[in-house]
Amino acid sequence: MSSGENYTAEIIELRREIEQIRQDFADNDNAFFLCSMALVIFFMQCGFAFLEAGAVRSKNTTNILIKNLLDSCISVIGYWSLGWAFAFGDSSNKVVGLFIGHSQFFLSGLINYPMFFYQYAFAATSATIVSGAVAERCEFANYIVYSTLISTVVYPILTHWGWHKEGWMYRGIQTSDIHTTYMDFAGAGIVHLCGGIISLAGAYIIGPRIGRFSKDGNEDPLEIKGHSVPFVALGGFILMFGFLAFNGGSMADIVQPGEGEIVALAMVNTILCGAFAALTFLIIHYLTKGKWTLLLTINACLTGMVSSCAGCNNMEPWASSFTGIGAGLVYLGLSNLLIKMKVDDPLDAFAVHGGGGLWGMLSACIITRKGVAYAIANAIGNNNGLLLCSQAFAQLGWQMICVLAIITWSLLWMIPIFLFLKKIGKLRVAPEIEINGLDIYKHGEAAYPLHAYGHGWDDYEPIKEKSLQNYGKLNSNTESDPQC
Amino acid sequence: MSSGENYTAEIIELRREIEQIRQDFADNDNAFFLCSMALVIFFMQCGFAFLEAGAVRSKNTTNILIKNLLDSCISVIGYWSLGWAFAFGDSSNKVVGLFIGHSQFFLSGLINYPMFFYQYAFAATSATIVSGAVAERCEFANYIVYSTLISTVVYPILTHWGWHKEGWMYRGIQTSDIHTTYMDFAGAGIVHLCGGIISLAGAYIIGPRIGRFSKDGNEDPLEIKGHSVPFVALGGFILMFGFLAFNGGSMADIVQPGEGEIVALAMVNTILCGAFAALTFLIIHYLTKGKWTLLLTINACLTGMVSSCAGCNNMEPWASSFTGIGAGLVYLGLSNLLIKMKVDDPLDAFAVHGGGGLWGMLSACIITRKGVAYAIANAIGNNNGLLLCSQAFAQLGWQMICVLAIITWSLLWMIPIFLFLKKIGKLRVAPEIEINGLDIYKHGEAAYPLHAYGHGWDDYEPIKEKSLQNYGKLNSNTESDPQC
Amino acid sequence: MSSGENYTAEIIELRREIEQIRQDFADNDNAFFLCSMALVIFFMQCGFAFLEAGAVRSKNTTNILIKNLLDSCISVIGYWSLGWAFAFGDSSNKVVGLFIGHSQFFLSGLINYPMFFYQYAFAATSATIVSGAVAERCEFANYIVYSTLISTVVYPILTHWGWHKEGWMYRGIQTSDIHTTYMDFAGAGIVHLCGGIISLAGAYIIGPRIGRFSKDGNEDPLEIKGHSVPFVALGGFILMFGFLAFNGGSMADIVQPGEGEIVALAMVNTILCGAFAALTFLIIHYLTKGKWTLLLTINACLTGMVSSCAGCNNMEPWASSFTGIGAGLVYLGLSNLLIKMKVDDPLDAFAVHGGGGLWGMLSACIITRKGVAYAIANAIGNNNGLLLCSQAFAQLGWQMICVLAIITWSLLWMIPIFLFLKKIGKLRVAPEIEINGLDIYKHGEAAYPLHAYGHGWDDYEPIKEKSLQNYGKLNSNTESDPQC
C-alpha cells in the first residue's frame, strides 16, 4: 500500500519534471529563436540605408544615411513607450480591444522581452520604407514626424488589428460554415503595404525632384541616377539576407511539432519568390530594352520577397513560381505607372513594398493551401466542393476588406500630416538646398570630402601609365572618367 | 493487480512522452540550426560579390555584381527543380544510386525543408566561385550557362557521390580490416575543388584580359588593379564570417551528445587555419617584396579557411597550424604558377578554392585524428601498428581517388561547354567592349555615374583649403589624385 | 515484490533518461547559442574596419583595413596559445589563482570549445579598439606588438580577475552583511574601458597627426575629415548589429529558466541605451551647432551601447534612458576634452569605449535592480533600509576599485611598451610617409588606384549632359566636385 503510494507520487513527480523540462526548453528555445531572427531583421536597417544611399546623388548621401540610423533609434523609443502597448497590450473593454490595446505602456509588467524585441525589429522596418520615396528633397522635420508616427501609432495599431487575438481583422467573420481571418504570415499587408502606400502619398504630396520631369511634358522624364551601384547592391544583398529571417522568423515559435519545417519552408519560398520575380523582370527588360539591368532586378527581387510574406508558410514551393512571376510583373507595371503619373519615387518604394505587399496579400488567398485555386480544383466532382469554394472566396473577400482597411488607415493618418507639414513649410527643403545638395547645408558633412582624397607618391601611378602604353588603349579618355 | 497494471501503463505512457519531447525538440533544434547557418552561408553571396567587385575595374563593376546576384536566383531554381533530386533523392536501382539520385524533383514529397535550404546555400556557393576567374571579359550567356549547369547538375551529382549514403565515394572500400569513405566535412572537395578547377578551365579557355600579358613574353605581366581595396576587404570579412557558419554548420545536426562541441571545434579550426595561412603568406611576402599586402593576405586567409573544410571537425587545434601554414604556401605557389603559365585568374579563384580544396582534402587524411601522421606515431612500438597504418594510407588513397574523380567529372562537363561557347562566339565579349568596359554596353548602368557626383556649395571646400595651407603640404598634387 | 522492484528500477531508469535528455539538450543548445552569438561578434571586426576606414583619408585606407584583418588573425593565435590559459585556465595555487590562470595552454584538455570560441570573439574585440586612436600615423610594428600583447596577456588576465570564479575582482568582499562582486555583464570594464584607456595612452604618446593642431595654439584645431561617410555608417550599422549579440550573448547560457528572457532584455536595453545616447547628443549638437551630424551621432550611439554592457541584464528598460542620456553627455564631454587637451584620437576611441565603459560600470551599480538608486528609494520608511544602502554603496565602492584596477593594469603594461617603441623609432612613421600616405609606401596598394577607374564609352555621359541642360543647373561646378 505504502509502496503503491510511493509509485504514484514518484510518477506524478516525474510527470511534473518532464513538464518542467519541456517548459524551460520551450521558453529558452523560443527566446533564442526570436532574438536571433530579430538580430538579422535589425540588420535590414543597414540594407535599407545602403540601398537608398547608392540610389541618391553623392550630395544627399549623408542625409539619407542619418535618416536610416535615426529610424532605429526613434522607433525603439516610440515602440517601447507607446507602440507595444497599442499593438500587443490587452484591453479590458472588448469593443475597444477590437481596435487598440492599452496596457504595458513603457513595458511595465512585460515578461516576454523576446517577443518585444522581435516586434520592435518589425516596427523599425515599417518606418524605414518611406524614406526612399521622399529622398533627396525631404525636410528633416518631416522625416522625424512621420517616422515617429508610423512606428508609434500607425503601424502598431495595424498589428493589433491583424495579429492580436482580439483584433477585428484577426477575428474575422465566423459562421458555422465559414471561418475567415487575416492571412498575413510576415506582414505583406501590415508592414509592406502600409509602408508602401504611405510612400506613395509622401512622394505624391512632396512632388518630384527638380529636373525629374519637364514642365511641358513633351520630353521624356530624366532618369536621375544614383551615385553608387555597388552600394545599391550591398543594400540589396543585406535585404535579401534579412528577408529570409523576416519571413522565417515570423513563425515566432519553434517548439511545437513541425514548426521548424515551416520556418524553413518560409525561407525557401521567400528566396524562390525573389528569384522568379528577378528573372521574370530581367528577361522582359532585356527583351524590351536590350540591357541586363542590375538596379531594377534588385528591386524586382525584393518585390518578389515582399510578395512572399503573406503566404510563405502555407505555400508549396511550386506555387512560389506564380507568386514570384506575378511580383515581377507587378513591379514592372507599377514602377512604369508612377513615371507616367509623374510621381517621383526614387527608390520605387511604392512599387516594391506597396505593389509586392498587395499582390502578396491576394496571392496568399489564391494559391496557398486551401486557397481559391485549390478550392476550385477540389470542387470539380466533389460533394462538398461548393462549401470549399465559398470558404475560399469568403477568405479572399475578407482579405480584400483588410487590404482596404490598411490602405485607408494609413492614408487617413499620413495625408493630413503631409499636407499640414507642406502648409507650414516643413515638408520639403528650399530649391536652392535641393539643387546644391542636402549633406553640407543640413549636416555639415559631405559624404566624400575632397581633401580626404589623394596621396603624395607622385611617381607611383605614372610608372603604371608607362607600362600601360605598351598594351594599347585601356583608358584613353581620362577627361570623361565617370569618377571625375 | 489493477494498480500494477496502472503503473505499467503510466510508465509506458511516460516513456512515450519523453520520447516525443526528445523528437520534437530534436526536429525543431535541428531546423533552427540549419536555417540560421544557411542564412549566414547565403550571405556569403554578398561576400563574393564585393570581393570580386573590388578586384575589377570600375568599368566592369555592375557586370560582376549582377553575376553574383543572379547566382542566388538561378541556383535556387535549378536546385529546387533538379539539383536536389540528383543530390539527395533516392534511387530504386542500387547501381544507379551509386551515381545519381532521381526522386523528389521539384521537392515533391519533401519534408525536410531545413536540409534543402541548407544544401541550396552550398550549391549557390559552388556556382559563384567561377565568376571571379572569368571576370572582366566573360559573355553574359556564358555566365548563365555555366552557373545553371554547376548548380543544377555538376555540383549536385558530386554531392550525391560523396554525401549521400548510397553514393560510391561515400561507401568507399570496405573490407574486414579497412574502411574507407569520403572524408570531407564541409566540402573542400565537392564545393571548392570543383569550383576551383572549373575556374582554372574557364580562365584558361577564355584567355587573359587584354593587356595582362605582353605578346612577346619579354616584359613582366601587367598587374591590372581592382578599383576598390575597401570593397575587397568588405567581401573578405563577409566571407570569413560566412566560412565559420559554412564549416560549423556542416555538422547539419545539433542534437546528439557532443555535436555542439564539434560545431564549435570546426569554427575554431576554421579561423585558426585562416589566421595561420594569412600570417604565413604575409610574412613571406614581406620578406621577399617588402610590402604588407592586404589584398593577397585576404586571399591567403580564405585559402586557409577553404583548406580547413575537409577536416575541421576532426582535427586538434594545433593541427590547424599545419593545415593553415600549408594553405598559405599552396596559395603562394599556385597564384605565382598561374602567372608564369600566363593564365589570367583575376580573383585567384583557382589558387584559393582549387588549391585550398586540394590541400584540405589531403591534410584531412594526414593530420586529423586517425590520419596518417597519427597512425605512424602510434605504429612505433605498437602491436597493431601495421593495421593502423594500412587503414590510414588506404583512406588517403581513397581520398586521392575521390579528388581525381571530382576533377575529372568537373572538367568533363565544363571543358566541352566552354569550348562550344567559344566556337559559337558566346564565351567572351568583343575586344572593343572589353576595353571600353562591360557595364554601360551590357547593362546600361555605370557603377559610378558622373552626374551623380558633386554638390553646389562652392564656398564650402575652399574654406578648408585655406586653413590647410597653414599646416603645410597635405595634398599638394591634386592633379595626380588617385580618385581623379 | 518483484513487480515493485521492477517499478522502482523503471522509475530510476526514467529519471536517468530524463536527466540525460536535459543534459544533452542543454549542452547542444548552449553550444549553438554561444557559437551563433560569437559569429555575429566576430563580424564586428568588419564593423570596426569600416568605421575606421571611412574615418581616415583615402591615402591610409589600406593600412587601417589590414590592421583590422590582422586583429582577427593575431588574436586567435594569441588567445589559443596563451590567452585562454591565462583567462580561464585553473590554478592549483589559490593565491596565484586570484590573479592568473595557467592551464589548458594551446587548449590542451579543453572540451568546452563553444566557450573558447565565444571568448576569442571578445578578445579580438578588445584588441581592435586601439587601432582607431593611433590611425594614420602608427608604425606597423607598433600595431603588431600591442595587438598581440592585448589579446594574449593584458585582456585575458583582466577577464580572469573579473569573470573567473577564482579571480579577485569576481570574489569581491564578502562579509555576513555585504556581498560585493565584479558587476560587468558584457565587458564594459574588461573589454571597453581597457581598450579605451589604452587608446588614450596610445593617442597621447604617439602625438597628433601632422596638421591637426597648430603649433602656437592660437588657431582652432583643423578637423581632418575621413574619406567616406558611407563607410563610417556601414561600420556603425554592423557594430550596432554586433553589439546586440555582444550583450545578449554574454548570458553565455540559454538553458536555466528565465535565461532567454534575460538575453532579450539585454538586447532591448542595448538598443535603448544606444538610441537615447544618439538622440541626446544629436539634439545638443543641433542646438549648439545647427547641423544634424551623422558621424558624431554614430559615435554617440556606440557610446550608449558600450555603457549598457555592464548592467543590461539587470536593468529595467526605463533605466536605459538614464544610462543612455548619460552616455550621450559623457561622449560629448570627453570628445571635446580631448580636443582641448590636444590629444588626437581620430576615431574618438577613448570617448566611446573608455568613457562609455566607465559610465557603464558606474551606472550598473546605481540604477540597476539593487543599485544605489533602488536602495535609497527602498530605504525611505523601511526597517532594513540602512542594510540595503550599505550593500549598494559597498558594491559601488568595489566597482570603483575594479575600475581603478583595470585602468592601472592596462596602463602599467602599455605605457612602457609605447614609450619603448617610441625610443627605438617603431612607434610612428616618418613625417614624409605620414604626409604622403601609408598605403602605397607600406603596403604597395592604393585604396583606389587611378587606372582602375574610367570607361571608354565617350558618347554615353554627354547625352545625359545635354538633357540635363533643359532642367537647369544640377551640377554647375564640376571643378569643385568633391569626388575630383
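From a predicted model like this one, the values you see are computed outputs, not experimental measurements.

**Description of the overall build of chain A**
The number of helices and strands found in chain A is 17 helices and 0 strands. For 484 residues, the compact-globule estimate of 2.2 N^0.38 gives 23 Å, and chain A sits close to it at 26 Å. Counting only C-alpha atoms, chain A reaches 100 × 55 × 55 Å along its principal axes. With 484 residues in all, chain A has 66% of them scored as buried. Restricting the contact set of chain A to residue pairs at least 6 apart, pairs at least 24 apart contribute 78%. When the accessible surface of chain A is split by element, carbon and sulfur atoms take 64% of a total near 16,000 Å². Computing the positive centroid from 28 side-chain charges and the negative centroid from 37, chain A places the two 10 Å apart.

**A short note on the relation of the copies chain C and chain A**
In the superposition of chain C on chain A (RMSD 0.0 Å, axial shift 0.0 Å), the rotation amounts to 120°. Taken together, these values place the two copies in the relation of a three-fold axis.

**Points about the domain arrangement of chain A**
Frequently, the measure chosen for interface size is the accessible area removed from exposure when the parts meet. All names here are of chain A. When its domains are assigned, chain A resolves into domain 1 (9–422) and domain 2 (431–480). Each of domain 1 and domain 2 has a C-alpha centre, and the two are 39 Å apart. In this complex, domain 1 contributes 16 residues to the contact, which on the side of domain 2 involves 13 residues. Carbon and sulfur atoms supply 52% of the area buried between domain 1 and domain 2, which totals about 1,200 Å² over both sides. Considering only the surface of domain 1 that becomes buried against domain 2, K59, T62 and I210 emerge as the three largest contributors, covering 46% of it. Counting the contacts that link domain 1 with domain 2 gives 1 salt bridge.

**Overview of the interface of chain C and chain A**
Between chain C and chain A, the contact holds 97 residues from the first and 88 residues from the second. When chain C packs against chain A, the two sides together hide about 8,300 Å² of surface, and 70% of this comes from carbon and sulfur. Joining chain C to chain A, the criterion identifies 2 salt bridges. Our count for the chain C to chain A interface comes out at 19 residue pairs in polar contact (both at pLDDT 80 or more). Sorting the residues of the side of chain C that touches chain A by element identifies α1 (2–55), α8 (229–248), α9 (259–289), α10 (295–308), α11 (317–340), α15 (431–436), α16 (438–443) and α17 (460–469) of chain C as the ones contributing at least two each. The greatest single-element share of the side of chain C that touches chain A, amounting to 17 residues, is contributed by α1 of chain C.

**Points about helix α4 (residues 113–128) of chain B**
If you check α4 of chain B, its first and last C-alpha atoms are 23 Å apart, about what 16 residues at 1.5 Å a residue would give, namely 22 Å. Counted residue by residue, α4 of chain B has 16 buried out of 16 residues, so it is predominantly covered.

**Here's the deal with the packing of helix α7 (residues 188–206) of chain C against helix α12 (residues 349–363) of chain C**
Residues and elements named next belong to chain C. α12 packs onto α7 with a crossing angle of 140° between their chain directions and a minimal axis gap of 7 Å. The chirality of how α7 crosses α12 is left-handed. Touching A188, G189, H192, L193, G196, I197, S199 and L200 of α7 are A349, F350, H353, G354, G357, L358 and M361, all from α12. Taken together, the residues of the contact of α7 with α12 sort by class into 8 nonpolar, 7 polar and no charged.

**Points about the interface of chain B and chain A**
Each partner contributes to the interface: chain B provides 88 residues, whereas chain A provides 98 residues. Across the chain B/chain A interface, buried area totals approximately 8,400 Å², and carbon plus sulfur atoms make up 70% of it. Here E10 of chain B ties to R15 of chain A by a salt bridge, and the two come within 3.7 Å at their closest N and O atoms. Where chain B touches chain A, the interface holds 19 residue pairs in polar contact (both at pLDDT 80 or more). Elements with a minimum of two residues in the side of chain B that touches chain A: α1 (2–55), α2 (61–88), α4, α8 (229–248), α15 (431–436), α16 (438–443) and α17 (460–469) of chain B. Per-element accounting of the side of chain B that touches chain A gives the leading share, 23 residues, to α1 of chain B.

**As for the packing of aromatic side chains**
Ring pairs (aromatic) are described by centroid distance and by the angle formed between their planes. For the structure on display, the rule yields 105 aromatic pairs over all chains. Ring geometry for W80 of chain A and F106 of chain A: centres 5.0 Å apart, planes at 90°, overall edge-to-face. Here F106 of chain A lies in the loop between α3 (94–99) and α4 (113–128) and W80 of chain A lies in helix α2 (residues 61–88), a separation of 26 residues in the sequence. The structure contains a cluster of three or more aromatic residues connected by ring pairs, namely F32 and F33 of chain A, F32 and F33 of chain B together with F32 and F33 of chain C.

**So, the environment of D27 of chain A**
All names here are of chain A. With respect to the helices and strands, D27 occurs in helix α1 (residues 2–55). The class of D27 is partly exposed, set by a relative accessible area of 35%. Counting along the chain gives 228 residues from D27 to V255, while the straight-line C-alpha distance between them is 8.7 Å.

**Considerations on the environment of F33 of chain A**
Here F33 of chain A is to be found in helix α1. Residue class for F33 of chain A comes out buried when judged on its relative accessible area of 0%. Note: C-alpha distance between F33 of chain A and L332 of chain A (299 residues apart in sequence) is 36 Å. Setting aside chain neighbours within four positions, we find F33 of chain A in contact with G248, G249, M251, A252, D253, I254 and V263 of chain A together with F32 of chain B.

**Structural notes on the side chain of T293 of chain B**
Inspection of the secondary structure assignment puts T293 of chain B in the loop between α9 (259–289) and α10 (295–308). T293 of chain B gets classed as buried once you look at its relative accessible area, which sits at 2%. Looking at T293 of chain B, its side chain comes within polar contact range of the side chain of E445 of chain C, at 2.7 Å. Non-local contacts of T293 of chain B, meaning those with residues more than four positions away in its chain, are made with F281, L282 and H285 of chain B together with I66, H443 and E445 of chain C.

**Topic: helix α7 (residues 188–206) of chain B**
Residues and elements named next belong to chain B. In a regular helix each residue adds 1.5 Å, so 19 residues correspond to 27 Å; α7 covers 25 Å between its end C-alpha atoms and thus fits that length. Burial analysis of α7 places 17 of its 19 residues in the buried class, which makes it a mostly covered element. Of the residues flanking the end of α7, it is G207, one or two places downstream, whose phi is positive at about 85°.

**So, a nonpolar patch on the surface**
Residue and element names in this part refer to chain A. Taken together, the side chains of I283, Y286 and L287 make up a nonpolar region of the molecular surface, amounting to roughly 320 Å² of accessible area. Inspection of the secondary structure puts I283 in helix α9 (residues 259–289). The class for I283 is partly exposed, based on a relative accessible area of 48%.

**Overview of the state of the cysteines**
The tally for this structure, following the rule as stated, stands at 0 disulfides over all chains. Here C301 of chain A stays unpaired: no disulfide links it, and the sulfur of C73 of chain B, its closest cysteine neighbor, is 4.5 Å away. Take C301 of chain A: its relative accessible area is 1%, and that puts it in the buried class. Left unpaired, C312 of chain A is separated from the closest cysteine sulfur, that of C309 of chain A, by 6.4 Å. By relative accessible area, which is 0% here, C312 of chain A ends up buried.

The rules behind these values
- Sequence order as written defines the numbering, with residues in each chain counted from 1.
- Each chain takes a letter, starting from A, and each ligand takes a number, starting from 1, following the order in which they are written.
- In view of the model being predicted, local features appear only for residues whose pLDDT reaches at least 70, and side-chain atom pairs are presented and counted only at 80 or more, with totals across whole chains, interfaces and linings using the full set of residues.
- Hydrogens and water molecules were not included; the side-chain quantities draw on all heavy atoms of the structure.
- Strands here are runs of E lasting at least two residues and helices are runs of H or I lasting at least four, both read from the DSSP assignment and numbered beginning at the N terminus.
- For this measure, only C-alpha atoms enter the radius of gyration; the expected value for a globule follows 2.2 Å times N^0.38, where N is the number of residues.
- Accessible area is worked out with a 1.4 Å probe on protein chains only. A residue is then buried under 20% of its type maximum, exposed over 50%, and partly exposed in between.
- Pairs of residues are marked as contacts when any of their non-hydrogen atoms sit within 4.5 Å.
- Values of accessible area rely on a 1.4 Å probe in the Shrake-Rupley scheme; residue burial ignores everything except the protein chains shown.
- When charges are counted, Lys and Arg contribute as positive and Asp and Glu as negative, whereas His and the chain ends are disregarded.
- Charged side chains are reduced to one point each, which is NZ for Lys, CZ for Arg, CG for Asp and CD for Glu.
- Least squares is the method for superposing the copies, and the C-alpha atoms it fits come from residues with pLDDT of at least 70 in both.
- Here the bounds of each domain stem from an automatic or database domain assignment.
- By convention, the term buried area covers the 1.4 Å-probe accessible surface removed from two parts as they join, with the contributions of both added.
- For salt bridges, the criterion is a side-chain nitrogen of Lys or Arg within 4 Å of an Asp or Glu carboxyl oxygen.
- Here a polar contact means two N or O atoms within 3.5 Å. Within protein one must be a hydrogen donor candidate and the other an acceptor candidate, and residues neighboring in sequence count only if both atoms are side-chain atoms.
- The span you would expect from a helix comes to 1.5 Å times its residue count less one.
- Fitting a line to C-alpha atoms yields each axis, with helices limited to the stretch in contact; the angle taken between N-to-C directions then spans 0 to 180 degrees.
- For a crossing to be left-handed, the near helix must be turned anticlockwise from the far one by less than a right angle; the clockwise case is right-handed.
- Nonpolar residues are Ala, Val, Leu, Ile, Met, Phe, Trp, Tyr, Cys and Pro. Charged residues are Asp, Glu, Lys and Arg, and all others, Gly as well, are polar.
- For this analysis, a ring pair means two rings from Phe, Tyr or Trp (six-membered ring only for Trp) whose centres lie within 6.5 Å, classed as stacked if their planes differ by under 30 degrees, edge-to-face if by over 60, and tilted for the remaining angles.
- Patch membership requires more than 30% relative accessible area and the absence of a salt bridge. Residues of like charge join within 9 Å; the nonpolar side chains Val, Leu, Ile, Met, Phe, Trp and Tyr join within 5 Å.
- Here, two cysteine sulfur atoms that lie within 2.5 Å of each other are counted as a disulfide.

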